[in-house]
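# Descriptive analysis of the structure
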Amino acid sequence: MSKVGVGRVSTKPRSGIKMKKQFSLLVKYNCIEGSYYWIRHNCQALWLVALLFIPLIGSAQTLRGDVNGDGKVDEADASALVNSYLKNDPLSTITDLDGDNNLTIADVVSLISMISMYNASGIHNGHDYVDLGLPSGTLWATCNMDADSPEQGGGVYAWGEIELKEEYTWDTYKWANGKPTKDAHNLTKYCDRGAYGSLDGKMTLEAADDVANVKWGGSWHIPTDMEFQELVDNCIVEWTRMNGIRGYRFTGSTGKNIFIPVGDSRSGTSVSQNSFEYWTSSLRPDAHGTNANNIERFDGELSISGSLRYHGQTIRPVISELKPIVHDETAPPSYMGHDLVDLGLPSGTLWATCNIGASSPEEYGCYYAWGETEGSCDGKESFKSATYKFYTDHLGSGITKYNYNTEYGFVDNLTKLEVEDDAAAANWRGEWRIPTWKQITELKNSRYTSWEWTTINGVEGFLVTSKMEGFTNNSIFLPAAGEHDASKVNRAGQNGAYLSSELDTDYEISHEALYLFFTPKGPGSGSTDRCYGRSVRPVVLLDSINK
């Protein structure tokens, strides 16, 4: 199974002490497993000596971390922990917060982390959340679904189901009538390819099928894969323990953090304990609708992967509060002689108003094979293996460029188009490019855009309109231009097929590339042989044209 890394785990130790006015200290600890923590507290000089050099002893309490016995865990307990040492209070295992049966500086680190969690940023619909300072404004719950504390795994759910159950199989799965195959089209909902069920193009869980929204209400929902990636990309990520339970601590720019623990996962009636597998609300692209994206720990690495939808996995809810996108520069109406639209997307991607080869939004334009810069408008009449630039035989097993599998030819491990092979760069020049898969996924994200099947000047296609504040009057039209297979264009007016700049790396098939696919039912995704002709809608980054 192919893995795509989504972040980094900090392993670089740091140490040192910076004195501030009024004995306010910023202490950087070099401690557990090479990771580091930032801890702020106002204290006396004697505190510093006690915290850094002296074994800690706390008085017995009923709540772990509640050193002063007031029924809550807060900064007063950090003070009480040090004072307990100074008074030579009896040793108490209640302060063994990292679960190693020893009282060390690591327990202070754990206590401060607990204080950060218990001091949540706020409460929404009865559940605590933490503001980590993420760019999108997404707020993360302090606990999993059905958990009472951050280190509890909580309940496990099949993707798109809202009830716990004893058996997790295709036969018990809500959105299938048994195992879906090419011969048994059993998926009844959330299917982006027609081979395995009823094609509906739905790529993200609707609110009625999102257990976080159904059970917690308000704005709570299961995070998308992009929200999980944002969490990892914008936080210090550490594999550590809380109260003896393994998990990841994510510390944001606000100084606050969340702890996401290992938990159970289920398949059939069997239970895998201490696994780190969390559902996202996103369907897995190019898996025929059978898999959904999750984030998991695999071989010691945190990665976005995919799992069969009937499996039971844990869930950490979020609240998404979309913030207006503020661009440092205003997008021009055109670039290098081609009109563009700013949809206010978080990445700053600007989309062209027309396909390559078209003079108006509704014109189909030219068709290109993946990696070729000359297409149907340049005289190419046939799109098949025998006419493809990077194949040496009609079966596609003799790949001469863009190959990561020894079974398909020369291996160069290139999976993304180089500029010289990008039809947008070659034909429109400047910084125009064929969109990446991430840019296409962003365009399809229902938080950012709405998709309406419509007709413009007699041409059918999708009107994609921005939902972002300040950009709601901006839209692009993607005509259903079909696709060029062998010597003719098929399904024009019915389907749309738009190239991305990336190969499909999920199934170890180097001769297939990812593309945006849609029917009147909605946008989906696909991967198919690189040799076929598809439309190209170029993009350019706002930052790149305002340099």
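Residues numbered from 1 in each chain as written. Predicted model: local features only at pLDDT ≥ 70, side-chain atom pairs only at ≥ 80, totals over all residues. Heavy atoms only, no water.

Counting buried positions along helix α7 (residues 437-444) yields 6 of 8 residues, so the element is predominantly enclosed. Buried within α7 we find W437, Q439, I440, E442, L443 and K444. (Buried < 20%, exposed > 50% of the residue type's maximum accessible area, 1.4 Å probe, protein only. Helix = DSSP H or I, 4+ residues; strand = E, 2+ residues; numbered from the N terminus.)

This part is about unusual backbone geometry. In most cases, non-glycine residues show a negative phi, while peptide bonds are predominantly trans. Unlike most non-glycine residues, D146 shows phi in positive territory, near 70°. Note on placement: D146 falls in the loop between β7 (139-141) and α4 (211-216). The class of D146 is partly exposed, set by a relative accessible area of 41%.

A few words on the packing of aromatic side chains. Counted according to the given criterion, the structure contains 23 aromatic pairs. Taking the centre distance of 6.3 Å and the plane angle of 85° together, the rings of W175 and Y190 count as edge-to-face. Residue W175 is located in the loop between β7 and α4, and its partner Y190 is located in the loop between β7 and α4; the two are separated by 15 residues in the primary sequence. Relative to F518, the ring of W451 has its centre 6.5 Å away and its plane inclined at 65°; by these criteria the two rings are edge-to-face. Residue W451 is found in strand β21 (residues 449-456), and its partner F518 is found in strand β27 (residues 512-519); the two are separated by 67 residues along the sequence. Each member of the pair W451 and F518 is classed as buried. Feature note: the residues W239, Y248, F250, F276 and Y278 constitute an aromatic cluster, connected by ring pairs. The ring of Y168 is capped by K165, whose NZ or CZ atom sits 5.3 Å from the centre of that ring. (Phe/Tyr/Trp six-rings, centres within 6.5 Å; stacked < 30°, edge-to-face > 60°. Lys NZ or Arg CZ within 6 Å of the ring centre and 35° of its normal.)

Let us look at the nonpolar core. Counting residues in hydrophobic clusters, the biggest one holds 33 residues, and the most contacted among them are W370 and W432. Looking at this core, the elements that each hand over two or more residues are β20 (349-352), α6 (423-428), β26 (496-503) and α8 (542-545). Ignoring any residue separated from it by four or fewer positions in sequence, one finds W370 in contact with Y388, Y402, T415, L417, L499, S500, S501, E502, L503, A513, R530 and Y532. The next biggest cluster of nonpolar side chains, apart from the first, holds 30 residues, and it includes Y173, L205, Y310 and I319. (Core = buried A, V, L, I, M, F, W, Y, C linked by side-chain atoms within 4.5 Å. Contact = heavy atoms within 4.5 Å.)

It is worth spelling out the pattern of salt bridges at this point. For the coordinates displayed, the defined rule picks out 12 salt bridges. Close ionic contact of E161 with K165 constitutes a salt bridge, the shortest N to O distance being 2.9 Å. Exposure class is identical for E161 and K165. Each is buried. With a closest N to O distance of 2.8 Å, K202 and E206 form a salt bridge. A residue is classified by how much of its surface remains accessible, and K202, at 28% relative accessible area, is partly exposed. Linked by salt bridges that have partners in common, K389, K401, E418, E420 and D421 make up one network. (Salt bridge = Lys/Arg side-chain N within 4 Å of Asp/Glu carboxyl O.)

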